[in-house]
Amino acid sequence: MINHVWGLVHHPDKEWRDISNEHETVSHLYKNHVLWLAAIPVVSTFIGTTQFGWTFGGEDTIKVTMESGLGLGILFYALILTAVTIVGSLIHWLARKYPNCPSRNECIVFAGYMATPMFLSGLFAIYPMIWLCTLACIMGICYTGYLLYSGTPSFLGISNQQGFIISSTTLAIGVLVLEVLLAAVVLLWSLGADNTIIWNLFR
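Residues numbered from 1 in each chain as written. Predicted model: local features only at pLDDT ≥ 70, side-chain atom pairs only at ≥ 80, totals over all residues. Heavy atoms only, no water.

(A) Representation of the state of the cysteines within the structure. One pass over the structure, following the stated rule, counts zero disulfides. Unpaired in terms of disulfides, C137 finds its nearest cysteine sulfur in C133, a separation of 9.0 Å. In this structure C142 is not part of a disulfide, and its nearest cysteine sulfur, from C137, lies 9.6 Å away. (Disulfide = S-S within 2.5 Å.)

Shown next as structure tokens:
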């Protein structure tokens, strides 16, 4: 797991070739990569929201109780794991017309490794200041996009031009999925607090 993380950050082109040659199963991917790295944003957010509280740059903070944080963290974790499968299935659907189209399982493996920068950027949620988390998320998206554009042609066995089309579509829909996920996360973690903008709207 650690070798692939370092390789994707340091020399992604070579690492994509190594990952492709391994023919890894989805169960092995989740057991050795996704389950561990997806825990980074979950644990960080749990610590941040229960110990420090959300802050928008002012003095007021929004804290979540430990009980609520635990339940919301489990749900957040499930949403992340589901998102990896959704993006992988999307890549498989977009590549279905190409003769060398990889299997759905291979596409999910590709999506799981591609999401590595997003998982790592979740570490900044340990101190949930909104502008800091937003900046970290943008950086994660940018490097995830780079991994997507650099890895798609070789992974799917298609030309760079075809890879660019698939990568652009995947990135656009993937960002949309991410935005929905983030909105759900903010809503869920807000509902776990006693004094939030969400609660005030219904009072």
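(B) Examining the packing of aromatic side chains more closely. One pass over the full model with this rule turns up four aromatic pairs. With a centroid separation of 5.5 Å and 50° between ring planes, the pair formed by Y143 and Y146 is classed as tilted. Here Y143 pairs with Y146, and both are found in helix α8 (residues 130-156), just three residues apart, close to one helical turn. Note on Y143: relative accessible area 25%, which makes it partly exposed. Given a relative accessible area of 40%, Y146 falls into the partly exposed group. Ring geometry for Y149 and F164: centres 5.5 Å apart, planes at 40°, overall tilted. With Y149 in helix α8 and F164 in helix α9 (residues 160-191), this residue pair connects regions lying 15 residues apart in the sequence. The ring of W93 has R96 sitting right over it, with the charged end atom 4.1 Å from the ring centre. (Phe/Tyr/Trp six-rings, centres within 6.5 Å; stacked < 30°, edge-to-face > 60°. Helix = DSSP H or I, 4+ residues; strand = E, 2+ residues; numbered from the N terminus. Buried < 20%, exposed > 50% of the residue type's maximum accessible area, 1.4 Å probe, protein only. Lys NZ or Arg CZ within 6 Å of the ring centre and 35° of its normal.)

(C) Representation of the confidence of the model for the protein chain. With 84% of its residues at a pLDDT of 70 or more, the protein chain shows a mean pLDDT of 81. The spread of mean pLDDT over the elements of the protein chain runs between helix α10 (residues 197-201), the lowest at 43, and helix α3 (residues 26-37), the highest at 92. The low-confidence segment residues 195-203, where pLDDT is below 50, has 13 contacts with residues more than four positions distant or belonging to other chains. (pLDDT = per-residue confidence, 0-100. Contact = heavy atoms within 4.5 Å.)

(D) Structural context of the environment of T144. Note that T144 resides in helix α8. The exposure class of T144 is buried, given its relative accessible area of 10%. Apart from the residues lying within four places of it in its own chain, the contact partners of T144 are M114, P117 and M118. A polar contact of 2.8 Å, which involves the side chain of T144, links it to the backbone oxygen of G140. (Polar contact = N/O pair within 3.5 Å; in protein donor to acceptor, adjacent residues only side chain to side chain.)

(E) How the structure looks around the packing of α3 against helix α5 (residues 66-94). One can describe the packing of α3 onto α5 by two numbers: an axis separation of 11 Å at closest approach and a directional angle of 125°. Between α3 and α5, the angle is such that the two are oblique. The way α3 lies across α5 gives a crossing that is right-handed. Packed against α3, whose contacting residues are Y30, V34 and L35, the element α5 presents Y77, L81, V84 and T85 at the interface. (Axes fitted to C-alpha atoms, helices over the stretch in contact; angles between N-to-C directions. Parallel < 35°, antiparallel > 145°, perpendicular 65-115°, else oblique. Left-handed = near helix turned anticlockwise from the far one by under 90°.)

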